[in-house]
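Chain and residue survey
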Amino acid sequence: MAEVTGRSPQIAPTAINCSAPDTGNMEVLHMYGSTAQKKQWLEPLLDGQIRSCFCMTEPDVASSDATNMQLEMVRDGDYYVLNGKKWWSSGAGDPKCRIAIVMGRTGQADGARHTQHSMILVPMDTPGVVKVRPLTVYGYDDAPHGHFEVHFNDVRVPSDNLILGEGRGFEIAQGRLGPGRIHHCMRAIGMAERALELMCKRACDRVAFGKPLARQGVVQANIARSRMEIEQARLLTLHTARAIDLYGNKAARREIAMIKVVAPSMACDVVDRAIQVHGGLGVSDDTILAGLWATLRTLRIADGPDEVHTAVVARSELKPYVMSRL
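Residues numbered from 1 in each chain as written. Predicted model: local features only at pLDDT ≥ 70, side-chain atom pairs only at ≥ 80, totals over all residues. Heavy atoms only, no water.

On to the pattern of salt bridges, then. One pass over the full model with this rule turns up 19 salt bridges. Across the pair E193 and R234 runs a salt bridge, and its minimum N-O distance is 2.8 Å. Taken as a pair, E193 in helix α5 (residues 169-205) and R234 in helix α6 (residues 217-247) lie far apart in primary sequence, 41 residues in all. Its relative accessible area of 17% is what places R234 among the buried residues. Taken together, the shared-partner salt bridges in this structure form one network comprising E3, E193, R227, E231 and R234. (Salt bridge = Lys/Arg side-chain N within 4 Å of Asp/Glu carboxyl O. Helix = DSSP H or I, 4+ residues; strand = E, 2+ residues; numbered from the N terminus. Buried < 20%, exposed > 50% of the residue type's maximum accessible area, 1.4 Å probe, protein only.)

The next subject is the side chain of N25. In this fold, N25 is placed in helix α3 (residues 22-32). Residue classification places N25 among the buried positions, given a relative accessible area of 1%. Within polar-contact distance, the side chain of N25 engages the backbone oxygen of C53 at 3.3 Å. Other than its neighbours up to four places away in sequence, N25 contacts S52, C53, F54, I101 and R176. (Polar contact = N/O pair within 3.5 Å; in protein donor to acceptor, adjacent residues only side chain to side chain. Contact = heavy atoms within 4.5 Å.)

Compared with an ideal rise of 1.5 Å per residue, which puts 31 residues at 45 Å, α6 spans 45 Å between its outermost C-alpha atoms and is within 8% of the ideal. Residue G248 follows α6 closely and has a positive phi angle near 95°. (Expected span 1.5 Å × (residues − 1).)

A few words now on the nonpolar core. Counting residues in hydrophobic clusters, the biggest one holds 25 residues, and the most contacted among them are M199, I230, M266, V270, V271 and L296. For this core, the elements supplying multiple residues, two or more each, are α5, α6, α7 (253-278) and α8 (289-299). M56, M69, L121 and F170 belong to the second largest nonpolar core, which has 22 residues in total. (Core = buried A, V, L, I, M, F, W, Y, C linked by side-chain atoms within 4.5 Å.)

We now examine helix α4 (residues 35-46). Along α4, the residues that are buried comprise Q37, W41, L42, P44 and L45. Where α4 is buried, its residues meet α3, β1 (51-55), β4 (97-105) and β5 (117-123). One or two steps after α4, the chain reaches G48, where phi turns positive at roughly 75°.

In this section: the packing of α7 against α8. In the contact formed by α7 and α8, the axes pass within 9 Å of each other and the chain directions differ by 155°. The orientation of α7 relative to α8 falls into the category roughly antiparallel. Between α7 and α8 lies a crossing of left-handed hand. Where α7 approaches α8, its residues K260, P264, A267, C268, V271, D272, A274, I275 and H278 are matched on the opposing element by L289, L292, W293, L296, R297 and L299. Per-class residue counts for the contact of α7 with α8 are 11 nonpolar, 1 polar and 3 charged. (Axes fitted to C-alpha atoms, helices over the stretch in contact; angles between N-to-C directions. Parallel < 35°, antiparallel > 145°, perpendicular 65-115°, else oblique. Left-handed = near helix turned anticlockwise from the far one by under 90°. Nonpolar A, V, L, I, M, F, W, Y, C, P; charged D, E, K, R; others polar.)

Right, let's talk about unusual backbone geometry for a bit. Note that the residue after A20, namely P21, is joined by a cis bond; omega there is 0°. Along the polypeptide, P21 turns up in the loop between α2 (12-15) and α3. Omega for the peptide link from A143 to P144 comes to 5°, which places this bond in the cis form. The phi torsion at N17 lies on the positive side, around 55°, for a residue other than glycine. Within the secondary structure, N17 sits in the loop between α2 and α3. Looking at N17, the relative accessible area reads 22%, which means it is partly exposed.

Bringing the pairing of strand β7 (residues 147-158) into the picture now. Both strand β3 (residues 79-90) and β7 contribute to a ladder of 9 bridges, which runs antiparallel. Bridge pairing in β7 places G84 opposite F152. Examined bridge by bridge, strand β6 (residues 129-135) and β7 share 6 bridges and lie antiparallel to one another. When the sheet's bridge partners are listed, V130 is paired in β7 with H151. (Pairing = 2+ DSSP bridges.)

For the coordinates displayed, the defined rule picks out 2 aromatic pairs. An angle of 55° between the planes, with centres 6.0 Å apart, marks the rings of W87 and W88 as tilted. For W88, a relative accessible area of 33% puts it in the partly exposed group. Measuring from centroid to centroid gives 5.2 Å for Y138 and W293, while their planes differ by 65°, and the two rings are edge-to-face. In this pair, Y138 sits in the loop between β6 and β7 while W293 sits in helix α8, placing the two residues 155 residues apart along the sequence. Judged by relative accessible area, which is 25%, W293 ranks as partly exposed. One cation-aromatic arrangement involves K131 over F148; the distance from NZ or CZ to the ring centre is 5.9 Å. (Phe/Tyr/Trp six-rings, centres within 6.5 Å; stacked < 30°, edge-to-face > 60°. Lys NZ or Arg CZ within 6 Å of the ring centre and 35° of its normal.)

Now the structure itself:
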């Protein structure tokens, strides 16, 4: 289903209420939310009555290392007071966005690195929540939901809005981001399929140097290479999904890291080849290709850059060799 929605990434996921970041936020509330939190926020999200955003990345630090996050969440009686900046908060611009899941620092800087952060539910109409500006992705604003820079200025939130407990932010993040990453990869395969279809149709319809592009050897090679790479990525995606189902997100960490690198990169290459076959039309907004490329190129950074996931795979492969030498 996620692959099919990837063929129309701006419309299809929203139409069936399976778009990011809502799906990930629903999973967080389902797995870690209290009964009251589920009643107030999960049920209307599942019913499609409201939408949500996820506030994790920050503009002033390297957010590929999430332990750098600086937004402060200070306990004040029955409240937490939030101060800090977030950006690339997808969904914040949607008129139906009512709730944000915000990750910030609740522990002391000298404590264990992965127990310093927590997640809390922040209603978007809370005083001090400021949507500063919509950000563009290679010129696309992805309206209406958008990707916003959001500031939190002395935002007071009831302590009951804390999810799971103080210091559990990274535990929640791993539970959320694993399924979210593979959903992105499934949609990426759908985007690649759409691009390959457009490439084949263009190659058959367009004539250059006395014959259709489909009879040009270099075009044929690119079409064949695209099909082979799509099938390879799909099999790794299915393997990863099976590992998650059987063993859970933590045990499937290596597989999730592999597919998060492979699928967006593969799809980006397929779209790039389709753009080349379309020529000037391919770089315009008269087809979906330019928008697909922008989305897929961004996905190589979003939810963890390629380099971080590659390092996870390398450490996993090296671990038995390193241990054998101790």
